[in-house]
Amino acid sequence: MMNKILTQIALFVFFVLVQVLILNNIELGAGTQIMIYPLFVLLLPVGMNVFLLLFLSFLLGLSIDAMSNTYGLHASALLVVAFVRPMIFKLTSPRDGYEQIYSANIYVMGVPWMVKTLGLLLLIHHFWFFLLELFKLSEVLYLLQKTLLSLPMSFVICILLQYLFIKKPKAT
């Protein structure tokens, strides 16, 4: 149990540092931003208490906001992701459910589930983030451009991070 908590703390610190020190400084043009920290919310335990999920999401978003001078954009977008995560999990639920799963990663759930679930969560996150950033409905095309250009980059990096840093479970 203590090992799992330490793993989650290490993931939290990893996502904050990578987002703030590396990804926020990459300029791709056309409003494209790579944001990988929503993956943290996806990788949290499936049966986690909703209030703890919301609290950790807010804390992660606030940590990134504090170091990025974004005044709550990341916290707000991550809270939306944490709020819709149980609904998305229910929507993309496997036939047998999630009962024996601690963390829903690409090895445990499979690539098709990860593509649907991560794709939906990132789409919601990016759309909400850029909607708040622009805060003008007259800029709806620019909002869609930023969302649709940032989404594939973030998605690919989130998938690669899982293959690189998450251990494949041993077959029993």
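Report follows, based on the coordinates. Owing to the predicted nature of the structure, the values given are computational and were not obtained by experimental measurement. (Residues numbered from 1 in each chain as written. Predicted model: local features only at pLDDT ≥ 70, side-chain atom pairs only at ≥ 80, totals over all residues. Heavy atoms only, no water.)

### Looking at helix 1 (residues 2-22)
Argument step 1. Look at helix 1: 29 Å from first C-alpha to last across 21 residues, which is about the 30 Å you get at 1.5 Å a residue.
Argument step 2. Considered for burial, the residues of helix 1 that qualify are Gln8, Phe12, Phe15, Val16, Val18, Gln19 and Val20.
Argument step 3. Residues of helix 1 that are buried make contact with helix 2 (38-43), helix 3 (50-68) and helix 7 (140-165). (Helix = DSSP H or I, 4+ residues; strand = E, 2+ residues; numbered from the N terminus. Expected span 1.5 Å × (residues − 1). Buried < 20%, exposed > 50% of the residue type's maximum accessible area, 1.4 Å probe, protein only. Contact = heavy atoms within 4.5 Å.)

### Brief notes about the environment of Leu43
Argument step 1. Take Leu43: it is sitting in helix 2.
Argument step 2. Taking the C-alpha atoms as reference points, Leu43 and Leu79, 36 residues apart in sequence, are found 15 Å from one another.
Argument step 3. Aside from chain neighbours lying at most four places away, what touches Leu43 is Gln8, Ser103, Ala104, Asn105, Gln162 and Ile166.

### Thoughts on the pattern of salt bridges
Argument step 1. Evaluation of the coordinates by the stated rule reveals 1 salt bridge.
Argument step 2. A salt bridge links Glu133 to Lys146; the shortest N-O distance between them is 2.7 Å. Placement of the pair is Glu133 in helix 6 (residues 111-134) and Lys146 in helix 7, with a sequence separation of 13 residues.
Argument step 3. Under the relative-accessibility criterion, Glu133 is labelled partly exposed at 33%. (Salt bridge = Lys/Arg side-chain N within 4 Å of Asp/Glu carboxyl O.)

### Regarding the nonpolar core
Soluble globular proteins tend to pack their nonpolar side chains together in the buried interior.
Argument step 1. Ranked by size, the top nonpolar core spans 49 residues in total, and within it Ile36, Tyr37, Leu39, Leu42, Leu60, Trp113 and Leu118 carry the most contacts.
Argument step 2. When residues no more than four places from it in sequence are discounted, the contact partners of Trp113 are Leu42, Phe89, Thr92, Pro94, Tyr98 and Ala104. (Core = buried A, V, L, I, M, F, W, Y, C linked by side-chain atoms within 4.5 Å.)

### Some details on helix 7
Argument step 1. Compared with the 38 Å implied by 1.5 Å per residue over 26 residues, the 36 Å span of helix 7 between its first and last C-alpha is a close match.
Argument step 2. Of all the bends found along helix 7, the most pronounced is centred on Leu151 and spans about 25°, while Pro152, a proline, follows it within four residues.
Argument step 3. Looking only at helix 7, the buried set comprises Leu143, Lys146, Thr147, Ser150, Leu151, Ser154, Phe155, Cys158, Ile159, Leu161 and Gln162.
Argument step 4. Those residues of helix 7 that are buried are in contact with helix 1, helix 2, helix 5 (106-109) and helix 6. (Bend = angle between axes of the 7 residues up to and from the residue.)

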